[in-house]
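Examining the three-dimensional arrangement
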Amino acid sequence: ALDWCGVHWQTKPEIFKVSIPSKRLRDVKKSIRTTLKRNMNGSLTALQLASSLGKAAATAEAIAPQRLFCRPAMRALKRAVHGSLGDFRTPVTLSAEQERGLSWLVANVHRHNGSSLYTNVQVSAVLTTDASPFAFGAILKLPSGKVLRTSGFFSKVEAKLPQNER
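Structure report, in brief. Quick caveat, the model's predicted, so the values are computed rather than measured. (Residues numbered from 1 in each chain as written. Predicted model: local features only at pLDDT ≥ 70, side-chain atom pairs only at ≥ 80, totals over all residues. Heavy atoms only, no water.)

Description of the nonpolar core
- Counting residues in each nonpolar core, the largest one holds 19 residues, and the members touching the most others are Ile32, Leu49, Leu53, Val92, Leu94 and Leu102.
- Per-element tally for this core: the top contributor is helix H3 (residues 66–83), with 6 residues.
- Not counting residues up to four positions away in its chain, the partners in contact with Leu94 are Thr35, Asn39, Leu44, Leu49, Ala73, Ala76, Glu99 and Leu102.
- Core analysis: the next-biggest nonpolar cluster, separate from the first, contains 7 residues, Ile20, Leu25, Ile63 and Val109 among them. (Core = buried A, V, L, I, M, F, W, Y, C linked by side-chain atoms within 4.5 Å. Buried < 20%, exposed > 50% of the residue type's maximum accessible area, 1.4 Å probe, protein only. Helix = DSSP H or I, 4+ residues; strand = E, 2+ residues; numbered from the N terminus. Contact = heavy atoms within 4.5 Å.)

Printed below as a string of structure tokens:
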């Protein structure tokens, strides 16, 4: 076993996993609870949200669902900062969905701590996508062998969106 950069690495061949020490998890939970309280009081800023989300992001390798449940709050942070032209002092209000994601993390972070670095994934379908600034295409190969294809052009409004939102 190895403790490195605040992460516990279990390196036995039969148990190769990464986990976050309990004290660090308590700190992450405390930060998220504070963020949720500030949101309820209407005093949450982008800087405070970014701090909590950064602490949570540092657990992602050890807590598999972390990214899924923090993603909605990350969107709120992105909108607030872009809308204020980069001012992290701007107020942020989390939606009910965003609050639920962070609340789930507080309630479940200890239970999901300890992701295995071995992944034995059985692929049931394969989706291949590609896009340019003007067009897109996708191929879905199903387990039955059936192949579905689609392609098209982005509208002028869609073409202006960032690449990861088209």
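We are not done yet, so read on.
Some words on the pairing of strand E7 (residues 147–153)
- Relative to E7, strand E6 (residues 135–141) runs antiparallel, the two sharing 7 bridges. The residue of E7 that forms the bridge with Gly137 is Ser151.
- Following E6, the chain reverses through 5 residues before pairing antiparallel with E7; Gly145 in that reversal takes a positive phi of roughly 100 degrees. (Pairing = 2+ DSSP bridges.)

Some words on the pairing of E6
- Note that strand E5 (residues 126–131) and E6 share 6 bridges and pair antiparallel. Pairing of Val126 across the sheet is with Lys141, part of E6.

Some thoughts on the packing of helix H1 (residues 22–41) against helix H2 (residues 46–57)
- Running from N to C, H1 and H2 point in directions that differ by 150 degrees, and their axes come no closer than 9 Å. The angle between H1 and H2 falls in the class roughly antiparallel. The way H1 lies across H2 gives a crossing that is left-handed. On H2, the residues touching Val28, Ser31, Ile32, Thr35 and Arg38 of H1 are Gln48, Leu49, Ser52, Lys55 and Ala56.
- Split by residue class, the contact of H1 with H2 holds 4 nonpolar, 4 polar and 2 charged. (Axes fitted to C-alpha atoms, helices over the stretch in contact; angles between N-to-C directions. Parallel < 35°, antiparallel > 145°, perpendicular 65-115°, else oblique. Left-handed = near helix turned anticlockwise from the far one by under 90°. Nonpolar A, V, L, I, M, F, W, Y, C, P; charged D, E, K, R; others polar.)

By themselves, these figures tell us nothing about what the structure is for.
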